[in-house]
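Summary of the model geometry
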Amino acid sequence: MASLGQIIFWSMIIIIIILAGAIALIIGLAISGNNSTMVSTSTSVARIGDDGVLYCSYVADIKQNNVIQWEKEGLSGLVLKYDKGKEDKSNQNPIFNGRTQFFPNQVVIGNASLLLRNVKLSDAGTYKCSVTTSAGRGQATVDFRVGAYSSVDVKNLTGNMLQCEAESWYPKPSVKWFNMSSGEDLTEFSETSFEKGFDPALAVVSLLKNVTHNNLYSCVIENQIARGNSDVLISDSGIKKRTQLYTLSGASQFLYHITFHCLLVPLLIYYLTQS
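Small disclaimer: the values here were computed from a predicted structure and weren't measured.

Attention now goes to unusual backbone geometry. Note that the residue after Tyr170, namely Pro171, is joined by a cis bond; omega there is -5°. Structurally, Pro171 can be placed in the loop between β13 (161-169) and β14 (174-179). One non-glycine residue with positive phi stands out, namely Lys84, at about 55°. Looking at the secondary structure, you find Lys84 in the loop between β6 (80-83) and β7 (86-88). Phi is positive for Asn214, close to 65°, though the residue is something other than glycine.

Right under this line is the structure:
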């Protein structure tokens, strides 16, 4: 049986290889780009009522003569503009009044991201980030996803039944159960119900029967905004839980898959086999 140190070592090697490949792909795409000014974005997500960030970066102009313009597809006017070292709201659509802001100290180093306060469901959509420097003009689009998500909790109702709960999710999520010890998908053996929470969010309750001791179970709730999971180990000495919640922006989703499948699962299985 592999030692804990060996598991961690090989897990980290896999992570490094995948990250190196991703970096090489990004560099390749940048080199092959047609824009005079290189602009890049990633999927952005936000929770209803929270502040959100529309991510955009560009190759900074050392002359500091940068113009940044944000627009939303299907909406007249601008979201916000940055010109001559300051924000320009002269052509801003009224629905964004008082809710948008650049990161002024970071614009000069290539951060064209936009802060959007008090995010509403209607803010979801496709946005365009356009940047003009002395090198030319470039643009890229951002998929901005808005919804609701909350932490996931699993309770041991009886000796052989687990209940998974989450109070606020939108859009309607999928709910899956797994036996992490065997890798088996147990979703078909579960019963899930959805109830109205705060509009438009839904409360989630899911039951899994016929669970057995000394197995690691996981309840996973996911939509296009976020992923939450609660892992439960039931043994004769009691119940141990670990809960995680991730928003699914481009970067965080990529890192979640790498970390969970390459590092956390081997460690959890190692812990289980040693107990």
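Moving on to the sheet that holds strand β19 (residues 226-235). Pairing is antiparallel in the open sheet, where five strands are placed in the order β15-β14-β18-β19-β20. Looking at strand neighbours, the two that pair on one side only are β15 (184-185) and β20 (238-247), the edges of this open sheet. Alignment of strand β18 (residues 215-222) against β19, held across eight bridges, turns out to be antiparallel. For Ser218, the partnering residue across the bridge sits in β19 and is Asp231.

Turning our attention to the environment of Pro104. Looking at the secondary structure, you find Pro104 in helix α2 (residues 104-107). Residues Pro104 and Gly85, spaced 19 residues apart in sequence, show a C-alpha to C-alpha distance of 8.2 Å.

Under the definition given, this model contains two disulfides. A sulfur-sulfur distance of 2.1 Å marks the disulfide that ties Cys56 to Cys129. Handedness here is read from the sign of the S-S torsion; for Cys56 and Cys129, about -80°, the answer is left-handed. With Cys56 in strand β4 (residues 56-58) and Cys129 in strand β10 (residues 125-133), this pair connects stretches of sequence that are 73 residues apart. Here Cys129 falls in the buried class, since its relative accessible area comes to 0%. The partner cysteine of Cys164 in its disulfide is Cys219, sulfur to sulfur 2.1 Å. Across the disulfide from Cys164 to Cys219, rotation about the S-S bond amounts to roughly -80°, and the bridge is consequently left-handed. Here Cys164 is found in strand β13, whereas its partner Cys219 is found in strand β18, with 55 residues between them in sequence. Like Cys164, the residue Cys219 is buried in the burial classification.

Conventions used here
- Residues numbered from 1 in each chain as written.
- Predicted model: local features only at pLDDT ≥ 70, side-chain atom pairs only at ≥ 80, totals over all residues.
- Heavy atoms only, no water.
- Helix = DSSP H or I, 4+ residues; strand = E, 2+ residues; numbered from the N terminus.
- Pairing = 2+ DSSP bridges.
- Disulfide = S-S within 2.5 Å.
- Buried < 20%, exposed > 50% of the residue type's maximum accessible area, 1.4 Å probe, protein only.

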